[in-house]
Amino acid sequence: AWSSLAEAVAPDVTLLVMVAGSEGAASRTLAERHGAAYVETPNQPLGTKWNAALRLAAASHVDGVICLGSDDLITAPAILALAQGLRDGHDLQGFEDVYFAESGVERLWHWSGYRDSRRGETVGAGRCLSRRLLTRMDWTLWEDARRRGLDASMMARLKTASPFRYRGLHRVGAVPVPARRRAPGG
């Protein structure tokens with residue numbers, strides 16, 4: 001899947017995949033078989049694990065990082081939009097809404113984003129950060145001891161790095177969904 005996505009965004013974007021795994025040779029072999037850079041780290045705490053992947057990206061001299069978990073998907077148009085945002089000087093970008101798919105039952109839900117005190121904040125999956133901002137953060141976005149709540153943890157740390165150029169995106173590269181498959185209110 002990653003190789004076909006890399007082909008879809010080339011030559012505009014060179015897609016590098018960084019994997020922080022915790023299952024030894026099994027996860028290393030799988031990652032490397034698919035062309036991903038790999039670092040072995042315990043699965044918990046998650047803050048340490050995600051920071052390890054971020055340090056791997058720092059060593060690769062990337063222009064920016066898109067944060068995706070093992071169960072997150074992203075489309076080529078979304079990657080291209082984020083890459084253009086980096087070229088336009090945006091340090092932090094992301095999606096203000098997200099689709100959730102339930103595998104095996106062909107069900108898809110749309111979540112329109114935060115409506116509370118976090119209104120206007122991007123969802124964690126697909127957040128894109130510039131190298132400039134990551135360098136200011138010393139390539140550490142999460143509290144190492146953090147076991148959950150990583151999205152809020154990242155945003156709290158980023159507030160210490162203000163000012164930076166921010167951009168929230170809405171329904172970029174979304175997969176069209178038949179009306180009968182949308183969740184109520186979606």
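Our subject is the structure listed above.
Here we summarise the structure given alongside this text. Predicted model, so just to flag it, every value in this text is computed and none were measured.

**Brief notes about the packing of aromatic side chains**
Now for step 1: Under the criterion given, the structure shown has two aromatic pairs.
Now for step 2: A ring pair is formed by Trp-111 and Tyr-114, whose centres lie 5.0 Å apart and whose planes are at 85°; its orientation type is edge-to-face.
Now for step 3: We classify Trp-111 as partly exposed; its relative accessible area is 31%.

**A few points about the pairing of strand E3 (residues 64-67)**
For a regular strand, the rule is simple: side chains alternate between the two faces of the sheet.
Now for step 1: Only one face of E3 is covered, namely the face carrying Val-65 and Cys-67; the face carrying Gly-64 and Ile-66 is uncovered.
Now for step 2: Pairing analysis gives four bridges linking E3 to strand E7 (residues 127-130), with the strands arranged antiparallel. From the neighbouring strand, Ile-66 faces E7, where its bridge partner is Cys-128.

**Let's talk about the nonpolar core**
Now for step 1: Formed by 19 residues in total, the largest nonpolar core has its most connected members in Val-65, Leu-129, Trp-139, Leu-141 and Leu-158.
Now for step 2: It is helix H6 (residues 150-159) that provides the largest number of residues to this core, a total of four residues.
Now for step 3: Setting aside residues no more than four positions away along its own chain, Val-65 makes contact with Leu-54, Ala-57, Arg-127, Cys-128, Leu-129, Leu-134 and Trp-139.

Conventions and cut-offs
- Residues numbered from 1 in each chain as written.
- Predicted model: local features only at pLDDT ≥ 70, side-chain atom pairs only at ≥ 80, totals over all residues.
- Heavy atoms only, no water.
- Phe/Tyr/Trp six-rings, centres within 6.5 Å; stacked < 30°, edge-to-face > 60°.
- Buried < 20%, exposed > 50% of the residue type's maximum accessible area, 1.4 Å probe, protein only.
- Helix = DSSP H or I, 4+ residues; strand = E, 2+ residues; numbered from the N terminus.
- Pairing = 2+ DSSP bridges.
- Core = buried A, V, L, I, M, F, W, Y, C linked by side-chain atoms within 4.5 Å.
- Contact = heavy atoms within 4.5 Å.

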